[in-house]
Amino acid sequence: MAEGHKHHNDSSQMRDLMSFDNNSGNDKPKGERANKPKDGREEKHDHGRENNSKEMAEGHNHHDSSQMGDLSFGNDSENDKPKHGSEDEPMDERGNKCKEMAEGHKHPNYHSQVGDLMSFGNNSENDKPKHGSEDNSKGSSRQAGCSSSSTSFSPGPSSTGAVGRKRKESPSSHCQLKDLKRLPQCTSKLGELCFSKTHTVLIDVDVFKCGAGLLPKDGRDVWASNFVKMPNSLSSFILTGFKQSKQVLRWNVISKQLEGLAKKSSVSVNDVEEAIIKYNPKYKGQWSFDALSKFVKCVPKGENYFSQLFPKIAALALSLPDQVKTAIPLLQRGHTAAITLSQVQISCLLANAFFCTFPHRNTEGPRAEYGNYPSINFNSLFGNWSERKKEKLRAIMHYFKVVTNEETKPTGLVTFERRFKETDPSHWRHCKEKMPKLHVTSRGTIEREGTGMLQVDFANKWIGGGVLGSGLLQEEILFLINPELILSRLFTERLDDNECLIITGAQQFSRYTGFGDSFEWAGPHDDILERDEWQRLKRQILAIDALNFRSRREQYNMRAVIRELNKAYCGFKAHWNEPDIATGKWGCGAFNGDPQLKAVIQLMAAAKGKRGLAYFTFGDETLEQALQQMHHLLVTEDTTVEKLFGLLEQYCAVQQASGSQVDLFKFIWDNLKSSTSHL
């Protein structure tokens, strides 16, 4: 049954899949919109998510203030409620079969089998792998070896039976963290940095190739729907005057206000507000600056440098015509494209976002010109005071302190690449790849122990989520400690089901502790990573958005499973000699994902993508041990992706027929063991 079970309506399910669209235009929170709105609308919060540490932790029992943070924790970017298709109902003919499977699924000897398996390799040193510890086992860079090291899905007594003795002789399938590949080990040549139809480079590549530094590329402004509409464009006008309004160039008004601030030695929040409202008169009385005001007042004098910093940010914003001389294309849906620019250019663009200069970016809704893009102007960060806003502003202000100092401003490049991949649902059914290398641990974090790997951002489909509002989960925290990531919101359209965003070279400026309401800025971070041939820091971040399930049972549906497989594979696929992946409980917090199902999905995507996985469960020792044991079983049984896909089809059918939760790992165990026993 495990091998031969096929549903007669598979083809109709596949047709359904092609039309399955989680990203309905009606579900749009625009990441996290202005706390006090761009156009008078209140920000919508899901308080069950923003204060959901108990719900989301699933084993999160501590906050280690000595650690840099908890980006491996299974939190999803806040305030995104995507809609998706309804669950498939099992057909009548197979419904009885599914019920039989559900009822007969529990094997009386399961716990004794688990006990036997637990005795294999149950070494206390292996239960909690130590990063960098020695390991004599060897394997290929992609495929797993063979043996496990920890407990199973349902703890039981250890055994010295025949099964246990046999498996103790097998080498380990659970690799050490040091065995996974990182960017410094990826020695393939990048090739020359160059401008193309799909790669926009905002610096002069000829000057760069000569080693003469990073100079802006000359070009022209483009005021069109597929480009960023710049505040200094000659096509951007605003109306001034009350009795007799007239059109004037927007940049003339902006530059006059910012020059006034830049000339001062000290600037107050009232000065900042007055300047911003001068070129955004529509929002006078609507935009609030109380968070910025209270922030400046509550920070102790010893670290309160903000009145002297505001003029420097204004001067940085004023340099826009000199720093960005060519048009910036939008990274639009359905197209693979990349933008490479200097860190100085990024800081200049973010300074303009700070002063809310970008036109046509303050309205939302289905008819808004940028309705399919996240917000970029910082007005939403400045309003609606909270402790969260205070800590966010500490991180943002530290970034501007660094980039406005001639001695500390960064001097490299960063690439933002949107990847689009055509999907064929049938390729999972015929994939012969076996399980990848896996390191799973309940200790450590993605951004620290996963340094140099492809680090997964548990993203919102509107990139950055609530970073400019009140959101403070995994993605928002990632964007705060690496503020250059915020620039992706300027040009990245909402991600579709078969798309991802990869950012290479972003610098980490800050440390932190906690998450959500416990988040605190913990001081500066000195980023000492090497740079590649394009002068990018050897850090890669992958943004992939999981489905948001209002009900946990919605995910046990092959349309949803295939969507998640395709989403993960889009980001995991290796195109050349690329690093392995650092990930964790993707979609398992606010989005109600099943940690076991999401782990299996990521294993399958990594196998097809030919990359190893470092899987951080952040304190969830139960998942750590269960996943180690499941991976060992899949490796020792030579399980292929196509085999796992078939088991997931059966599992989803059982879940839909069953009135109670069926444990996925136990289901896979029973079916693989049943298949083996019949050979």
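What counts and how
- Residues numbered from 1 in each chain as written.
- Predicted model: local features only at pLDDT ≥ 70, side-chain atom pairs only at ≥ 80, totals over all residues.
- Heavy atoms only, no water.
- Helix = DSSP H or I, 4+ residues; strand = E, 2+ residues; numbered from the N terminus.
- Expected span 1.5 Å × (residues − 1).
- Polar contact = N/O pair within 3.5 Å; in protein donor to acceptor, adjacent residues only side chain to side chain.
- Buried < 20%, exposed > 50% of the residue type's maximum accessible area, 1.4 Å probe, protein only.
- Contact = heavy atoms within 4.5 Å.
- Salt bridge = Lys/Arg side-chain N within 4 Å of Asp/Glu carboxyl O.
- Core = buried A, V, L, I, M, F, W, Y, C linked by side-chain atoms within 4.5 Å.
- Pairing = 2+ DSSP bridges.
- Axes fitted to C-alpha atoms, helices over the stretch in contact; angles between N-to-C directions.

Participant: Describe in detail helix H20 (residues 558-572), supporting the description with residues and values.
Facilitator: Along its 15 residues, H20 runs 20 Å from first to last C-alpha, staying within 8% of the 21 Å computed at 1.5 Å per residue. Where H20 begins, the capping side chain belongs to Asn557, and its oxygen is found 2.8 Å from the backbone nitrogen of Arg559.

Participant: Describe in detail the side chain of Gln507, supporting the description with residues and values.
Facilitator: With respect to the secondary-structure elements, Gln507 resides in the loop between strand E8 (499-504) and strand E9 (510-513). Overall, the relative accessible area of 12% leaves Gln507 in the buried class. Residues within four places of Gln507 in sequence aside, it is in contact with Gln343, Pro410, Ile481, Asn482, Glu484, Asp527, Arg531, Leu537 and Arg539.

Participant: Lay out the pattern of salt bridges in plain terms, naming residues and giving numbers.
Facilitator: Scanning the entire structure with this criterion turns up 33 salt bridges. The residue Glu391 makes a salt bridge to Lys390 at a minimum N-O spacing of 3.7 Å. The exposure classification of Glu391 matches that of Lys390, with both residues buried. A salt bridge links Glu406 to Lys409, with the shortest nitrogen-to-oxygen separation between them at 3.3 Å. Taking the relative accessible area as the measure of exposure, Lys409 reaches 28% and is therefore partly exposed.

Participant: I'd like a description of the nonpolar core, backed by residues and values.
Facilitator: Membership of the largest hydrophobic core comes to 92 residues, with the highest contact counts inside it found for Phe310, Leu349, Phe355, Phe378, Phe400 and Phe491. Aside from chain neighbours lying at most four places away, what touches Phe491 is Val228, Ile328, Pro329, Leu330, Leu331, Ile339, Tyr373 and Phe416. Judged by nonpolar contacts, the second largest core, of 67 residues, contains Cys175, Leu177, Leu438 and Leu633.

Participant: Can you tell me about the sheet that holds strand E11 (residues 540-545), naming the residues and giving the values?
Facilitator: The pairing of strands in a sheet happens through backbone hydrogen bonds and is either parallel or antiparallel. On the basis of which strands lie adjacent, the open sheet formed by nine strands has the order E1-E4-E5-E8-E11-E7-E12-E13-E6 and mixed pairing. Taken across any chain shown, the strands that pair with only one partner, and hence form the sheet edges, are strand E1 (199-201) and strand E6 (438-441). For this sheet, the mean angle separating the axes of adjacent strands, direction not counted, is 20 degrees. Here strand E7 (residues 454-459) runs beside strand E12 (residues 581-584); their pairing, made up of two bridges, is parallel. For Leu454, the partnering residue across the bridge sits in E12 and is Ile581. Helix H14 (residues 343-354) rests against strand E4 (337-342) and strand E5 (413-420) of the sheet, and its axis sits at about 95 degrees to E4.

Participant: Explain the environment of Leu644 residue by residue, including any values.
Facilitator: The residue Leu644 is located in helix H23 (residues 641-657) in this model. A residue is classified by how much of its surface remains accessible, and Leu644, at 0% relative accessible area, is buried. It is 9.8 Å that separates the C-alpha atoms of Leu644 and Cys431, two residues lying 213 residues apart in sequence.

Participant: Outline the pairing of E8, listing residues and values.
Facilitator: For E8, the tally of buried residues reaches six of six residues, placing the bulk of the element in the interior. Inspection of the sheet shows E5 paired to E8 by six bridges, in the antiparallel sense. Note on E8: the bridge partner recorded for Phe416 is Ile503.

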